[in-house]
Amino acid sequence: MGRRRNPENAWMPPHVARYKNGYRFRKHGEPTKHIAGPDASQAEVWVACEKYLAGLVQKTFTFADLVELYFASPQYTKHIKPQTQKDYYRYSQRVLAVFGEMEPDTITSPLVQMFMDARGAEYPTSANRERTFLGIVMKWGKARGFVKI
C-alpha cells in the first residue's frame, strides 16, 4: 500500500503529480507524460488526464511480434547458419501474411491445417517448410512464456 497524498493534492487524478512545469502522468511501466501547465485549473487537469488515458491503446501481442523476437534472439542469430537464416526469413513472409496479426495462442491445429491445404495444393514442399518454421517459432515462444498453448 502506497503512502497517502498530501491533502492539498487529494483532488488530483490517480498517477498525476505536480512538478515545476505543471502536471504529469506517471505510472510504473508507462512513459511519463506532461499533461497540463502549471496554471491549469483542477478541471483542466482532470480533462487532460482523461484525454491522455483515452489515447493509450494497449497493443496486443501478435504472431508478428513473436517472429520479430525470434529473429532477434541468440538462438536464431548465433546457432543457425546464414543460409538457413535467409530461408527462415523467406518462409516467415508467407506465414506472416496469413498469421501475422493473430495472437499466438489463437493459432490452432485446424487453422494450420487449412493453411497447409491451401498452400499445399500448389506448393506442397513450401507448405511443409513454412509449417516447420511456424512450429519452430511457436515452440521457441512456448519455452519462453510468450505462447501458452
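Since the model is a prediction, treat every value here as computed from it, not as a measurement. (Residues numbered from 1 in each chain as written. Predicted model: local features only at pLDDT ≥ 70, side-chain atom pairs only at ≥ 80, totals over all residues. Heavy atoms only, no water.)

A. Spotlight on the sheet that holds strand β1 (residues 16-19). Judged by pairing direction, the sheet is antiparallel, and its three strands sit side by side in the order β1-β2-β3 without closing on themselves. Of all strands in the sheet, those with a lone pairing partner are β1 and β3 (33-36), marking the two edges. Across the sheet, the axes of successive neighbouring strands diverge by a mean angle of 40 degrees, strand direction being ignored. Summarising the sheet, β1 and strand β2 (residues 22-25) pair through four bridges and their orientation is antiparallel. The partner of Tyr19 across the bridge, within β2, is Gly22. (Pairing = 2+ DSSP bridges. Helix = DSSP H or I, 4+ residues; strand = E, 2+ residues; numbered from the N terminus. Axes fitted to C-alpha atoms, helices over the stretch in contact; angles between N-to-C directions.)

B. Up close: the packing of helix α4 (residues 82-99) against helix α6 (residues 124-143). Remark: α4 packs on α6, axes separated minimally by 9 Å, with the N-to-C direction vectors making an angle of 85 degrees. On the basis of their axis angle, the class for α4 and α6 is roughly perpendicular. Contacts between α4 and α6 involve Tyr88, Tyr91, Ser92, Arg94, Val95 and Phe99 from the first element and Arg129, Glu130, Phe133, Leu134 and Ile136 from the second. The class makeup of the residues in the contact of α4 with α6 is seven nonpolar, one polar and three charged. (Parallel < 35°, antiparallel > 145°, perpendicular 65-115°, else oblique. Contact = heavy atoms within 4.5 Å. Nonpolar A, V, L, I, M, F, W, Y, C, P; charged D, E, K, R; others polar.)

C. Inspection of the environment of Gln113 at higher detail. Considering the arrangement of structural elements, one finds Gln113 in helix α5 (residues 109-120). Between the C-alpha atoms of Gln113 and Arg131, which are 18 residues apart in sequence, the distance is 9.2 Å.

D. Looking closely at the packing of α5 against α6. Contact pair α5 / α6: the axes reach a minimum separation of 8 Å and the direction vectors enclose 155 degrees. Taken together, α5 and α6 sit at an angle that is classed as roughly antiparallel. Relative to α6, α5 is oriented so that their crossing is right-handed. Taken together, the residues of α6 that come into contact with α5 (itself represented by Val112, Phe115, Met116, Arg119 and Gly120) are Pro124, Ser126, Ala127, Asn128, Glu130, Arg131 and Leu134. Here the residues of the contact of α5 with α6 sort into six nonpolar, three polar and three charged. (Left-handed = near helix turned anticlockwise from the far one by under 90°.)

E. A look at the nonpolar core. By size, the foremost hydrophobic cluster in this structure holds 22 residues, and its most contacted members are Phe63, Tyr70, Tyr88, Phe99 and Phe133. Among the elements of the structure, α2 (63-72), α4, α5 and α6 are those that each provide at least two residues to this core. Element by element, the count of residues in this core is highest for α6, at six residues. Residue contacts for Phe133: discarding those within four places in its chain leaves Val67, Tyr70, Phe71, Tyr88, Tyr91, Ser92 and Val95. The next biggest cluster of nonpolar side chains, apart from the first, holds twelve residues, and it includes Trp11, Met12, Ala40 and Tyr52. (Core = buried A, V, L, I, M, F, W, Y, C linked by side-chain atoms within 4.5 Å. Buried < 20%, exposed > 50% of the residue type's maximum accessible area, 1.4 Å probe, protein only.)

F. Focus on helix α1 (residues 42-55). Helix length check: α1 (14 residues) gives 20 Å between terminal C-alpha atoms against 20 Å at 1.5 Å per residue, within 8%. Residues Val45, Ala48, Cys49 and Tyr52 constitute the buried set of α1. For α1, the buried positions fall inside an angular range of 100 degrees around the axis, keeping them on one side. Exposed residues on α1 whose side chains face more than 90 degrees from its buried face are Ala43, Lys51 and Ala54. Of the surrounding elements, those touching the buried residues of α1 are β1, β2 and β3. (Expected span 1.5 Å × (residues − 1). Arc of directions from axis to C-beta.)

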